[in-house]
Every structure is written in structure tokens, then in C-alpha cells.
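Residue-level structure breakdown
Listed below, chain by chain, are the residues.
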Amino acid sequence: MKAVQIDEFGGPEVMQYREVPDLSPGDADALVEIQAVGVNFTDIYSRAGINPGPPLPRTIGVEGAGVVRAVGAAVSDLKEGDVVAYSSSQGSYAEPAGGGAARLFKMPAGVGPW
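Criteria and cut-off values
Residues numbered from 1 in each chain as written. Predicted model: local features only at pLDDT ≥ 70, side-chain atom pairs only at ≥ 80, totals over all residues. Heavy atoms only, no water. Pairing = 2+ DSSP bridges. Helix = DSSP H or I, 4+ residues; strand = E, 2+ residues; numbered from the N terminus. Core = buried A, V, L, I, M, F, W, Y, C linked by side-chain atoms within 4.5 Å. Buried < 20%, exposed > 50% of the residue type's maximum accessible area, 1.4 Å probe, protein only. Contact = heavy atoms within 4.5 Å. 1 Å grid on protein atoms, 1.4 Å probe; cavity = no way out; pocket = protein on both sides within 12 Å on 5 of 7 lines; lining within 4 Å. Points joined across faces, edges and corners; volume = space filled by probe spheres on them. Nonpolar A, V, L, I, M, F, W, Y, C, P; charged D, E, K, R; others polar. Polar contact = N/O pair within 3.5 Å; in protein donor to acceptor, adjacent residues only side chain to side chain.

Let's shift gears to the sheet that holds strand β1 (residues 2-6). A sheet is described by the order of its strands in space; here three strands give the open sequence β2-β1-β4, paired in antiparallel fashion. Where the open sheet ends on each side, the last strands, each with one partner, are β2 (15-19) and β4 (58-59). Pairing of β1 with β4 involves two bridges; the strand directions are antiparallel. Pairing of I6 across the sheet is with R58, part of β4.

Let's shift gears to the nonpolar core. In terms of nonpolar packing, the biggest core is built from 11 residues, these being A30, V32, I34, V68, V75, L78, V84, Y86, A97, A101 and L104. Contributions of two or more residues to this core are made by β3 (29-37) and β6 (83-87). Looking at this core element by element, the count peaks at three residues for β3. Apart from residues no more than four positions distant in its own chain, V68 is found in contact with L31, V32, K79, E80, G81, D82 and V84. In terms of nonpolar packing, the next biggest core, distinct from the first, is built from five residues, V4, I6, V14 and I60 among them.

One number sums up the size of the largest pocket: a volume of about 220 Å³. Looking at which element gives the most residues to the lining of the largest pocket, the answer is strand β7 (residues 96-100), with four residues. Tallied by class, the residues present in the lining of the largest pocket amount to seven nonpolar, seven polar and no charged.

Taken together, five strands build an open sheet; the order of strands is β7-β3-β5-β6-β8 and the sheet is antiparallel. Each edge of the open sheet carries a strand with a single partner, namely β7 and β8 (105-106). Where β3 lies against strand β5 (residues 63-71), seven bridges are found, and the strand directions are antiparallel. Bridge pairing links E33 to V67 in β5.

Moving on, we come to the side chain of S92. Note on placement: S92 falls in the loop between β6 and β7. By relative accessible area, which is 0% here, S92 ends up buried. For S92, the side chain forms a polar contact with the main-chain nitrogen of V62, separated by 3.3 Å.

On to empty space enclosed by the protein, then. Summed over the entire model, instances satisfying the criterion amount to one cavity of 30 Å³ or more. Taken as a whole, the largest cavity encloses approximately 70 Å³ of empty space. In this structure, the largest cavity is lined by A30, V32, Y86, S89, Q90, A97, G98, G99, G100, R103 and L104. At the level of secondary structure, the elements contributing two or more residues to the lining of the largest cavity comprise β3 and β7. It is β7 that provides the largest number of residues to the lining of the largest cavity, a total of four residues. Among the residues forming the lining of the largest cavity, the class breakdown is five nonpolar, five polar and one charged.

Structure (C-alpha cells):
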């Protein structure tokens, strides 16, 4: 899969589009095929090292929307094919993003991220 990652803090020049290992959801996680991403100041602050975050290298971006492609064994309120959105979860600048299913919310019927 592809993702935008940083290995160091700085300006836009530190962002690298690269191949990274495929994700699979943990028990309480979901994997989302990203179709829309928020690009805003919090991303700039994270890239610059102002906002805390996971250790480097890291996939940047904290807001996204898309379609659920897989869920962990403990997830009962989401299923494959659900259209969801989230914020405050690291890693949205990627083809699929994974993370805690509790942070996802279903989009109303007829509303999509695209």
C-alpha cells in the first residue's frame, strides 16, 4: 500500500510518498479505504513537530472518510461496506487507514465522502 510519511520534522519537503506494509485490523479496529482526507493546520503542526504524535517514521493526517474494508473480531457496530468518517486518528494520508473502530462514525444514508 502507499502512504505519505515523514522521517523527520520540517516543511513539505520532508513528506515522502512510499510503499509501506499492508495493514490488517486488530480486534477492536477497522480498516478504511480512504476516499477523502482533511488537509489542515493540525497536519502542518504535526509535520513540523509541534503536535505530539507517534514516533517517526509516521504516516501523517488525522481526518478521513471512506468505506470500511475489514473489521476486527470485537467490532460489532460496523461492517464491510459501511461509509464512515473520523477525526483525531493518525494515519489518514494512506490508501487504507487503520485504527480504533470506536473513533469511526457512520455517514447518514445518501451521504458519501466523495
